There are 2 protein chains.
Amino acid sequence: MTKLSEMKAAAITSMAQALERELELQKSNRLSLDLTRGKPAVEQLDLSAPMDSIINGDYRASDGTDTRNYGQLRGIPEARRLGAELMEVAADDIICWGNSSLALMYLTAELAIERGLWGDSRAWKNTPDAKVLTPVPGYDRHFTLSDRLGLEMINIDLNNEGPDLGQIEAAVKNDPSVKAIWCVPKFSNPTGCSYSDATVEALAQLPKLAAADDFVVLWDNAYAVHDFQFPRAPLRNLLDAARAAGTEDHMVLFASTSKITYASGGLAFVAASPGVLKEIETRIGVASVGPDKVNQLRHARFLGGRLEQHMALHAQLMRPKFDLVEKVLQDELGELDIANWTTPSGGYFVSLDTRPGLAKAVGELAGEVGLAITPPGATFPYGRDPEDRNLRIAPSFASLEDLKAAMQILVICVKLATLRDELQHRG
Amino acid sequence: MTKLSEMKAAAITSMAQALERELELQKSNRLSLDLTRGKPAVEQLDLSAPMDSIINGDYRASDGTDTRNYGQLRGIPEARRLGAELMEVAADDIICWGNSSLALMYLTAELAIERGLWGDSRAWKNTPDAKVLTPVPGYDRHFTLSDRLGLEMINIDLNNEGPDLGQIEAAVKNDPSVKAIWCVPKFSNPTGCSYSDATVEALAQLPKLAAADDFVVLWDNAYAVHDFQFPRAPLRNLLDAARAAGTEDHMVLFASTSKITYASGGLAFVAASPGVLKEIETRIGVASVGPDKVNQLRHARFLGGRLEQHMALHAQLMRPKFDLVEKVLQDELGELDIANWTTPSGGYFVSLDTRPGLAKAVGELAGEVGLAITPPGATFPYGRDPEDRNLRIAPSFASLEDLKAAMQILVICVKLATLRDELQHRG
C-alpha cells in the first residue's frame, strides 16, 4: 500500500470496487455492532462485585453516623476522603452527593446563572447572552446541558496539550458575556488528550484575564484514574494552581465513580473553594435531606486506599481493546495516509478524523452494514462539526471479537468514502 | 383537675409555682431530649436489613437490563411497579429516579417555572409574581423550596378533611398568578389528617376553576402506606379523579421509600399524565444518564408484593409511641382544656395547638430544660405562625423511655406558659 495521494486513478477505482464488494458481503451477514457507547463492559462491572456484600450489617460511618438515616448533606467522611483520593484535593473541599457528576454540573451551572456561586450580586442571568467556551471535539452532554440552560457555545480547538490558549484568551478578555469553559482535563472525551501543566496553569490564571468577574472553569475530571498504566499519569492540580493565583473561587471540579464501580449506582463529587462549596451545599439542601450514605459507605469501604489498584484491573480489560483499535487503524489506514486518530493512554474514547466532509458519509456507510457509531457531529455543539470529519470510537463495551469486526467495517467505510471523494476531486 | 378557665387565681398561682419547681428540678438533670426529627428510629431501619444482601450477584432487572450500567431514565420495570403499588397508579405513569421525592418536587416546580410542564408556551416565569397555596400548618421544606424558587406563599387553613376548599376557590378563581397548591393528602405533616374523598374530588376539579391555565396540584403523598393499622386507609385516587375531570395534565404526584426502607438510601417516584411525565423525563435526561438501578432492584426485590406487610412492622413500632403521646397529652392537658391536638392514625407527627400567642414561649421553656422541639413557626411559610400556637411533635426517633420523659417536660411547659398567660390576662 502507498499513500492515496500517490495512487493512480485506476488503482483507486479498482480498490473502491473491492471495498464495495466487501461491504455488500458484510451486509448479508446482518450484523448488529455498536461502537457508540462509552459504557463499561460487563467484565468491568464484575470487578466491583465484592462491594455489594461489604455492608454486612454495619451501617455506621467512621464518625458514628447511621448511614441509613437523614442528614450529612456533604456526605460521610470516608466518602469524601475517597473523593479526595480520586480528585487529589482535600476531603474538606468536597461534597459527595448523588450518583451523577453530570447532575452536579447542571446544578452548578444553573446556580451560577440564577444566583451566582458567591453569595453576592454576581449571576450569569444578569448577562442576557451568557456564553460558554466548549473545547472541540468534546463531550455531547456538556453541550446539551449548556444549550438547555440557554448558554451559547463558542468552539475552542482542542489540541494535544489541551484547549487552544490563544483562542481562549481572545474569547474571554474583551467579552464579559463569556462566563465559563468546559474542561475534561485528563483523557478528554473524545480525543483522549490530557492537559499539560502549562495549560492547567493558564486556566488557573484565566479568571484574572477574563472580562467577566463571574467566570468559572468547569473541570469535569471524569477520567482521573482511568489510565491504562499505573501509577496514574500526573495532572497538574487545578485547585492548587488557582489558590496560588488567587482564583480559587472560580474553579469547580467534578468527578464520579461511574466508570470505577457502577455506571449508574456510583458516587458523584464536587470540589470547590469553601465559599463556593457552601453555596452549592445550600442549593443542594433546598431539595435534599441528604445523599444515599449507605452507598457512600459501600464505596468507601470497597475502594478506600485501593483506588489505583482497582483501576489497574479495569486497565487490564481496556488496554487490549485500545491496542486493537490502534492496530486496525494503523494497518488499514496508516500507509494510505487518509486519516488521523488519537492513541490515548487512558479514558474511554479514540477520536478519528477523516478528510474534511466525510464523517457523515462514513456514518451512513457504517449504518447500512449494521455498525452503529456515535452520530457524526455529536462531538461538537449543536451537532455541527464544521469540517464534518470527526468520529468518536468507543471501544469499551464490545467484546474483543465484536470490536474487531466493528473496526474492520469502520476502516472499510473510511477507505471507501475517502476513495470516492478522491476520485470525485480528481474528476 | 378542672378546666383552667374555672380555676381560682390562687389555685393557678400555686399550680404554676409547682410547675416551676418541677422545671428547675429537670434543669439540674441536664437532659438532652429531641422531638424535632421526623426520622425513622433505628429499629425501623433494621426492618430493611435483608435488603442489603438481596442482590446476591444477580444484577439483571426483569427486562434483562444490567442495573449496573447506564440507562433506563424512567427506572427499571419492577421499581416502577413498586411505585405503582405505593402510589396506586399505573407503573406506566411513574418515573422512579433518585433517592429524594423532595428533589423531584424541586425539579418539577422549577420546570413549571422555567419551561412549563406541557411543552407549550405556558410557564410560570411569564407571571412575575407567581404564587403557590400552602395549607397550614404544613411541611417546612415545601415552604423553603417555594421561597427559594421565588414563589410567594398564600396560607390556606388545613382542616380535618383537608385544606379549606372555600379559601382555595376564592384564591384561585380570579387570580391567574396563583399557580399551584402543595398537598400532603394522607397523614399530613404535621396534623396527621387525611383528605376526604370530597376534598380530593374538588382538587381534581380545581384546574378548571383556576384563573391560571398552568395551575398544578403538587401531591406529596409522603405517608401513603404509613398507617398504624392495615389494610391501609383508602385515599381517593387523585389521578383517576383528574382523568374523569379532564385535568390530569395538572396533577403531579410524589412518593418515596424514605420512611419505608432507609431515610437517605431509598427510592423516589413521580407520577403524572404521559405528556407531563415526558417533559419531566426530558429534564431529568439533561442532567442524568440514569438512576441508581442497583438500588432500585434491591428495593423492588425486597418490597415488591409485600409493601403493606412491611409497613405493618413499622406500625408495630410507631403505634406505642403515638399512643404514649396521646396519653400524656390527654392526662396532663385534657381536663384543663388548654390545648388541642391531633390523634393521627398514621404518619410521623402530632400537631399541638396551644392557646394563641404561646407556642414560642413553650419552645423557650422547653429549650431551657434541654428538650428540643421543632421551632415554633416552622409549620408555617416564612416561619410565621400568625397565631403563634402550633407545635409539631415528632415521636418516631426517640425511644419510648426518652419520648415519655420528653412529653412530660413538654406538657409542663405548655401548662406553665398557659397558666402564666391566664394569670396575666386576669391581671
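Residues numbered from 1 in each chain as written. Chains lettered and ligands numbered in written order. Predicted model: local features only at pLDDT ≥ 70, side-chain atom pairs only at ≥ 80, totals over all residues. Heavy atoms only, no water.

**Student:** What am I meant to see in the overall build of chain A here?
**Tutor:** For chain A, the count of helices and strands is 13 helices and 13 strands. Compactness check: chain A gives a C-alpha radius of gyration of 23 Å against a globular reference of 22 Å for 427 residues, within 12% of the reference. If one aligns the C-alpha atoms of chain A with their principal axes, the spans along those axes are about 75 × 55 × 35 Å. Put simply, chain A has 427 residues, and 60% of those count as buried. Considering only contacts within chain A whose residues lie at least 6 apart along the sequence, 77% involve residues at least 24 apart. In the form shown here, chain A has an accessible surface area of approximately 15700 Å², with 48% of it arising from carbon and sulfur atoms. Of note, chain A has its 44 positive side-chain charges centred 3 Å away from the centre of its 57 negative side-chain charges. (Helix = DSSP H or I, 4+ residues; strand = E, 2+ residues; numbered from the N terminus. Rg over C-alpha atoms; globule rule 2.2 N^0.38 Å. Buried < 20%, exposed > 50% of the residue type's maximum accessible area, 1.4 Å probe, protein only. Contact = heavy atoms within 4.5 Å. Areas by Shrake-Rupley, 256 points an atom, 1.4 Å probe, with all protein chains shown as cover. Lys, Arg positive; Asp, Glu negative; His and termini not counted. Charge placed at Lys NZ, Arg CZ, Asp CG, Glu CD.)

**Student:** Help me understand the domain arrangement of chain A in this model?
**Tutor:** When the parts come together, some accessible area is lost, and that loss is often what is quoted as the size of the interface. All names here are of chain A. By domain assignment, chain A separates into domain 1 (4–44 + 309–426) and domain 2 (61–305). Between the C-alpha centres of domain 1 and domain 2 there is a distance of 31 Å. Contact with domain 1, which involves 26 residues of that partner, is made by 29 residues of domain 2. The contact between domain 1 and domain 2 buries some 2400 Å² in all, and 67% of this surface belongs to carbon and sulfur atoms. (Domains from an automatic or database assignment. Buried area = accessible area lost by both parts, 1.4 Å probe.)

**Student:** Teacher, can you tell me more about the relation of the copies chain A and chain B here?
**Tutor:** Look at the two chain copies: a rotation about an axis and a shift along it is all it takes to match them. Laying chain A over chain B is done by rotating through 180 degrees and shifting 0.0 Å along the axis; what remains is an RMSD of 0.0 Å. Such a turn and shift between the copies fits a two-fold axis. Among all residues of chain A, the minimum C-alpha distance to the rotation axis is found for Ser-53 of chain A, at 3.1 Å. A symmetric contact is evident, with 98% of the interface residues of chain A recurring at the interface of chain B. (Least-squares fit on C-alpha atoms with pLDDT ≥ 70 in both.)

**Student:** What am I meant to see in the sheet that holds strand S13 (residues 390–393) of chain B here?
**Tutor:** Sheets are built from strands that pair by backbone hydrogen bonding, the pairs being arranged parallel or antiparallel. Residues and elements named next belong to chain B. One open sheet accounts for three strands, arranged S10-S11-S13; its pairing is antiparallel. The open sheet has two edge strands with one neighbour each: strand S10 (340–341) and S13. Pairing of S10 with strand S11 (residues 350–353) involves two bridges; the strand directions are antiparallel. Note that in S11 the partner of Trp-341 across the bridge is Leu-352. (Pairing = 2+ DSSP bridges.)

**Student:** For this particular structure, what's the right way to read the pairing of strand S6 (residues 178–183) of chain A?
**Tutor:** Successive side chains on a regular strand alternate, one facing one side of the sheet and the next facing the other. All names here are of chain A. With six of six residues buried, S6 lies mostly within the body of the structure. Where S6 lies against strand S7 (residues 216–220), four bridges are found, and the strand directions are parallel. Following the sheet pairing, Ala-180 is matched in S7 by Val-216. The handedness of the S6 to S7 crossover, carried by helix H7 (residues 197–209), is right-handed. (Right-handed = clockwise from strand over helix to strand, strands pointing away.)

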